[in-house]
Amino acid sequence: MFIEIITPDKKVFAGEATSASFPGTQGSFQILNHHAPLVSTMGKGEVIVESKEGQKTYIVDGGVVEVLNNKILVLAEAIL
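If you're wondering where the values come from, they're calculated on a predicted model, not measured in any experiment.

Enquirer: Please give an account of the overall build of the protein chain that cites residues and values.
Expert: Along the backbone of the protein chain there are zero helices and seven strands. A compact globule built from 80 residues should have a C-alpha radius of gyration of about 12 Å, and the protein chain, at 11 Å, falls within 12% of that. In terms of its C-alpha atoms, the protein chain occupies a principal-axis envelope of roughly 25 × 25 × 20 Å. Burial statistics for the protein chain: of 80 residues in total, 38% are counted as buried. Long-range pairs, those at least 24 residues apart, make up 42% of the contacts in the protein chain between residues at least 6 apart in sequence. Summed over its atoms, the accessible surface of the protein chain is roughly 4700 Å², and 51% of this surface lies on carbon and sulfur atoms. When the 6 positive and 9 negative side-chain charges of the protein chain are each reduced to one mean point, those points stand 5 Å apart.

Enquirer: Account for the pairing of strand E5 (residues 38–51), with residues named and values stated.
Expert: As judged from the four bridges shared by strand E3 (residues 19–24) and E5, these two strands associate in the antiparallel manner. The partner of glycine 24 across the bridge, within E5, is methionine 42. Bridge count for E5 against strand E6 (residues 54–68) is 13 bridges, and the pairing is antiparallel. Residue pairing for E6: threonine 41 is matched across the bridge by valine 64. Connecting the antiparallel pair E5 and E6 is a turn made up of two residues.

Enquirer: Go over the nonpolar core with me, naming the residues and quoting the values.
Expert: In this structure, Ile3, Ile5, Phe22, Val49 and Ile72 are the most contacted members of the largest nonpolar core, which totals 19 residues. Among the secondary structure elements, those contributing two or more residues to this core are strand E1 (2–6), E3, strand E4 (27–32), E5, E6 and strand E7 (71–76). No other element matches the four residues that E6 contributes to this core.

Enquirer: Pulling in residues and values, what's your account of the packing of aromatic side chains?
Expert: Counted by the stated rule, this structure contains two aromatic pairs. Taken together, a centroid distance of 6.1 Å and an interplanar angle of 45° make the contact between phenylalanine 13 and tyrosine 58 tilted. A residue pair is termed long-range when its members are at least 10 positions apart, and phenylalanine 13 in strand E2 (residues 11–16) and tyrosine 58 in strand E6 qualify at 45 residues. Each member of the pair, phenylalanine 13 together with tyrosine 58, is buried.

Enquirer: Outline the pairing of E4, supporting the account with residue identities and numerical values.
Expert: Inspection of the sheet shows E3 paired to E4 by six bridges, in the antiparallel sense. Looking at the pairing, serine 19 lines up with leucine 32 of E4. As consecutive antiparallel partners, E3 and E4 are separated by two residues.

The rules we used
Residues numbered from 1 in each chain as written. Predicted model: local features only at pLDDT ≥ 70, side-chain atom pairs only at ≥ 80, totals over all residues. Heavy atoms only, no water. Helix = DSSP H or I, 4+ residues; strand = E, 2+ residues; numbered from the N terminus. Rg over C-alpha atoms; globule rule 2.2 N^0.38 Å. Buried < 20%, exposed > 50% of the residue type's maximum accessible area, 1.4 Å probe, protein only. Contact = heavy atoms within 4.5 Å. Areas by Shrake-Rupley, 256 points an atom, 1.4 Å probe, with all protein chains shown as cover. Lys, Arg positive; Asp, Glu negative; His and termini not counted. Charge placed at Lys NZ, Arg CZ, Asp CG, Glu CD. Pairing = 2+ DSSP bridges. Core = buried A, V, L, I, M, F, W, Y, C linked by side-chain atoms within 4.5 Å. Phe/Tyr/Trp six-rings, centres within 6.5 Å; stacked < 30°, edge-to-face > 60°.

Encoded structure:
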C-alpha cells in the first residue's frame, strides 16, 4: 500500500508500506494492505510505518488519516 504523510509545511514521507500504526483519538489502530475505507482523527503520538526497508517513526501533534483504495493519506498538524 502507498502512504503519504503531509503537514501544512511539507511532505514528510511518501512510499510503499506493509503496515502503519496511528494514535487515534479513541485509541491506537493499525492499517494493513487492502484495509476497508476509513477516516479517523489522530491525537498526539507515534505514527509507525513498516516497510521492506525497515521501520520509521514520526511523532505527530494531531491530524487526520484517510484510507481508500490501498492508499493512506495522513494530514498531520505538525511533526514533533
